[in-house]
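Coordinates in review
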Amino acid sequence: MSSAEAVVIGAGPAGLATAQQLRRAGLKPAIFDKADTVGAVWRRHYDRLHLHTPRSLSGLPGLPMPASYGRYPSRAQFVEYLESYAQAFALEPAFATPVRSVRRAGRGWRVETGEGSVETAIVVVATGWADFPHSPTWPGMEAFGGPILHSSAYRNAEPYAGKRVLVVGFGNSGAEIALDLCEAGAEPTLSVRSPVRVLPRDLFGLPILGFAVAQRFLPARIADAINAPIIRLAVGPLEPLGLEVAAKGPIRMIKEDGRVPVLDIGALAKIRDGRIAVRGGVARFGPHSVTFDDGVCEPFDAAILATGFKPDLRALLPDAAGALDADGRPLVSDRPTAEPGLFFVGAIASPTGQLRQIAIGAARVAEAAARRLREGRA
Ligand SMILES: Cc1cc2nc3c(=O)[nH]c(=O)nc-3n(C[C@H](O)[C@H](O)[C@H](O)COP(=O)(O)OP(=O)(O)OC[C@H]3O[C@@H](n4cnc5c(N)ncnc54)[C@H](O)[C@@H]3O)c2cc1C
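Residues numbered from 1 in each chain as written. Predicted model: local features only at pLDDT ≥ 70, side-chain atom pairs only at ≥ 80, totals over all residues. Heavy atoms only, no water.

**Regarding the overall build of the protein**
To keep things clear, this is the line we draw: Working definition: helices are DSSP H or I runs of at least four residues, strands are E runs of at least two. Numbering for both runs from the N terminus. For a compact globule the rule gives 2.2 Å times the number of residues to the power 0.38, and the radius of gyration it is set against comes from C-alpha atoms. Only protein chains enter the accessibility calculation, which uses a 1.4 Å probe; a residue whose area is less than 20% of its type maximum is buried, one above 50% is exposed, and one in between is partly exposed. Whether two residues touch is decided by their heavy atoms; if any such pair falls within 4.5 Å, the residues are in contact. Note on areas: Shrake-Rupley, 1.4 Å probe, and residue coverage restricted to the protein chains presented here. Note on charges: Lys and Arg go in the positive column, Asp and Glu in the negative column, and His and the chain ends are not counted at all. Taken as the charge centre is NZ of Lys, CZ of Arg, CG of Asp or CD of Glu, depending on the residue.
Across its full length, the protein carries nine helices and 18 strands. For 378 residues, the compact-globule estimate of 2.2 N^0.38 gives 21 Å, and the C-alpha radius of gyration of the protein, at 22 Å, lies within 12% of that figure. Dimensions along the principal axes, computed over C-alpha positions, put the protein at roughly 65 × 45 × 40 Å. The burial tally for the protein puts 51% of its 378 residues in the buried class. Considering only contacts within the protein whose residues lie at least 6 apart along the sequence, 65% involve residues at least 24 apart. Total accessible area on the protein stands at roughly 17000 Å², and carbon and sulfur atoms take up 53% of it. Here the protein carries 43 positive and 37 negative side-chain charges, and the mean point of each set is 5 Å from the other.

**Notes on the pattern of salt bridges**
We apply this condition: We define a salt bridge as a contact between a side-chain nitrogen of Lys or Arg and a carboxyl oxygen of Asp or Glu at a distance within 4 Å.
Scanning the entire structure with this criterion turns up 18 salt bridges. The salt bridge involving Arg48 is made with Glu176; its shortest N-O contact spans 3.4 Å. With Arg48 in the loop between helix H2 (40-44) and helix H3 (75-88) and Glu176 in helix H4 (residues 172-183), this pair connects stretches of sequence that are 128 residues apart. In this structure, Arg371 engages Glu367 in a salt bridge whose closest nitrogen and oxygen atoms are separated by 3.7 Å. Taken together, the residues span about one helical turn, with Arg371 and Glu367 both in helix H9 (residues 354-377) at a distance of four residues.

**Notes on H4**
Helical geometry: 3.6 residues make up each α-helical turn, so side chains three or four residues apart lie on a common side. Defined as follows: A helix is expected to reach a length of 1.5 Å times the quantity of its residues less one.
If you check H4, its first and last C-alpha atoms are 17 Å apart, about what twelve residues at 1.5 Å a residue would give, namely 16 Å. With nine of twelve residues buried, H4 lies mostly within the body of the structure. When we look at burial in H4, the residues that qualify are Gly174, Ala175, Glu176, Ile177, Ala178, Leu179, Asp180, Leu181 and Cys182. As for H4, its buried residues are in contact with strand S7 (164-168), strand S8 (187-191), strand S12 (262-264), helix H8 (267-273) and strand S17 (302-305). Following H4 by one or two positions, Gly185 adopts a phi angle in the positive range, close to 90 degrees.

**Re the pairing of strand S15 (residues 289-292)**
Here is the rule: When DSSP finds two or more bridges between a pair of strands, those strands are recorded as paired.
Of the two faces of S15, the one holding Ser289 and Thr291 and the one holding Val290 and Phe292 are both buried throughout. Two strands pair when backbone bridges link them, and strand S14 (residues 282-285) and S15 are joined in this way by three bridges, in the antiparallel orientation. From the neighbouring strand, Val282 faces S15, where its bridge partner is Phe292. Between S14 and the antiparallel strand that follows it, S15, lie three residues. Bridging between S15 and strand S16 (residues 297-299) involves three bridges; their strand directions are antiparallel. Residue pairing across strands places Val290 opposite Glu298, the latter belonging to S16. What sits between the antiparallel neighbours S15 and S16 is a turn of four residues, in which Gly295 has the positive phi angle 95 degrees.

**What to know about the side chain of Asp224**
Looking at the element boundaries, Asp224 is found in helix H6 (residues 220-235). Among buried Asp, Glu, Lys and Arg side chains, Asp224 stands out as unpaired, with Arg252 the closest opposite charge at 5.5 Å. Excluding residues that lie within four positions of it along the chain, Asp224 makes contacts with Gly249, Pro250, Ile251 and Arg252.

**What about the site of the ligand?**
For clarity, the threshold we go by: Near residues are defined by distance, with any heavy atom within 4 Å of the molecule or strand qualifying the residue. Polar contact criterion, stated in full: a pair of N or O atoms within 3.5 Å, where within protein one must be able to donate a hydrogen and the other to accept it, and residues adjacent in sequence count only if both atoms are side-chain atoms. Residue classes follow a fixed rule: Ala, Val, Leu, Ile, Met, Phe, Trp, Tyr, Cys and Pro count as nonpolar, while Asp, Glu, Lys and Arg count as charged, and any other residue, Gly among them, counts as polar.
Every one of the 26 residues lining the ligand counts as a neighbour, but Asp33, Trp42, His52, Thr53 and Leu355 are closest to it. In the environment of the ligand, an oxygen atom lies 2.7 Å from a nitrogen or oxygen atom belonging to the side chain of Trp42. A distance of 3.1 Å is found between an oxygen atom of the ligand and a backbone nitrogen or oxygen belonging to Gln354. For the shell around the ligand, the secondary-structure elements that each account for two or more residues are helix H1 (13-24), H2 and H9. In terms of residue count, the dominant contributor to the shell around the ligand is H9 (three residues). When its residues are assigned to classes, the shell around the ligand shows 13 nonpolar, ten polar and three charged.

**Focus: the nonpolar core**
This is how it is decided: Among the buried residues, those of types Ala, Val, Leu, Ile, Met, Phe, Trp, Tyr and Cys that are joined through side-chain atoms within 4.5 Å form a nonpolar core.
Of all hydrophobic cores here, the largest spans 73 residues; its most connected members are Tyr154, Tyr160, Phe170, Leu181, Leu243 and Leu268. Top contributing element to this core by residue count: H9, with eight residues. One finds Ala4, Val7, Val111 and Ala320 within the second-largest nonpolar core, a separate group that totals 20 residues.

**Quick notes on the sheet that holds S16**
Filter applied, for reference: Axis lines are fitted through C-alpha atoms, for helices just across the contact stretch, and the angle between N-to-C directions can take any value from 0 to 180 degrees.
The sheet built from three strands is open, its strands ordered S14-S15-S16 with antiparallel pairing. Of all strands in the sheet, those with a lone pairing partner are S14 and S16, marking the two edges. Taking the axes of each pair of neighbouring strands and ignoring which way they run, one obtains an average angle of 25 degrees across the sheet.

As structure tokens, then:
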């Protein structure tokens with residue numbers, strides 16, 4: 001068994017940012033990632049993906065993204081940035097090292113990896129959500145004649161040209177995948193079961209996230225009320241497109257329900273043109289068709305489930321019940337938890353952008369971790 005002052009699990013944006021901040025606070029963290037590179041999850045995202053949040057508000061602490069990346073960096077640029085970030089701060093994760101469990105060990109923790117175990121006072125869980133794709137099931141799915149895949153397995157529209165593709169779920173991934181399919185000559189239909197919130201990615205030529213940052217100290221209800229008329233004007237009426245607008249404003253939706261509104265980059269215009277169809281919830285699959293909740297049945301060749309993620313960290317953290325809710329999701333992120341020495345970074349959605357929140361959370365967690373170690377030594 002070995003020991004480390006701190007252990008960071010994950011070498012994605014949250015893990016790298018936190019490791020950098022721990023170093024800055026004078027600690028020497030061990031970083032473990034089960035993949036064999038930094039930013040492994042970003043390497044797997046679909047090809048056309050660009051950040052939906054602007055470069056200026058998406059950088060990690062201590063190293064801005066190069067201006068040459070433009071306002072919304074591509075997936076490849078973001079991966080390159082993560083590589084250069086690790087290099088700039090000499091962060092050297094132990095790759096191909098999955099953490100199997102984190103158990104209580106006296107006042108600290110024992111981190112079990114495939115390679116052995118490490119004793120530490122501080123554990124930062126920065127494992128993201130990618131391991132927990134949520135794929136609902138419907139009657140008849142197993143007999144459906146075409147592919148059914150989760151959005152996290154979608155790469156590009158090439159296999160779908162000329163095909164009728166059902167995209168289930170109208171979040172950011174569903175909207176962008178439907179747009180991708182449409183632009184590649186497929187016939188996408190979006191299945192939208194619940195009321196939605198759609199925002200333009202840019203407003204008056206500026207990233208909408210900048211407005212959210214400027215309003216971050218306002219109560220959510222007030223900020224939503226101020227923004228509502230402008231957003232309505234910018235987005236246009238959604239009801240004629242078959243979309244129901246959620247009762248809660250976008251900021252309340254994120255803060256209260258952890259649901260991120262759609263930052264539209266073109267799907268809405270295609271819905272308006274009739275090139276992306278909108279239907280309600282899925283009732284069942286047939287061998288070559290899908291029946292919707294209203295009884296309408298339409299033919300489809302493939303289905304992509306953009307139905308999100310449901311992280312459950314109970315198996316990883318069997319002794320940390322105080323830090324998790326009944327479904328295994330972190331109760332708090334980016335600050336001390338009810339389990340001394342255990343932290344999460346990047347685990348909860350933020351109205352001002354997840355990456356921006358990761359940068360803030362990394363700094364806050366590193367400071368709390370350093371304080372805990374100092375107090376432990378005193
Ligand atoms: C398609 C998509 C687009 C997004 N776009 C934006 C955007 O534009 N702006 C924004 O602010 N946010 C965006 N987000 C949200 C968020 O910023 C990203 O998901 C971000 O990658 C989260 O970083 P992370 O480090 O928490 O998780 P990840 O990037 O998922 O990294 C987690 C790492 O942990 C490792 N890991 C997991 N389990 C273990 C284990 N048991 N042992 C060892 N290693 C482990 C994984 O291999 C991985 O490398 C997007 C999310 C998605 C899914």
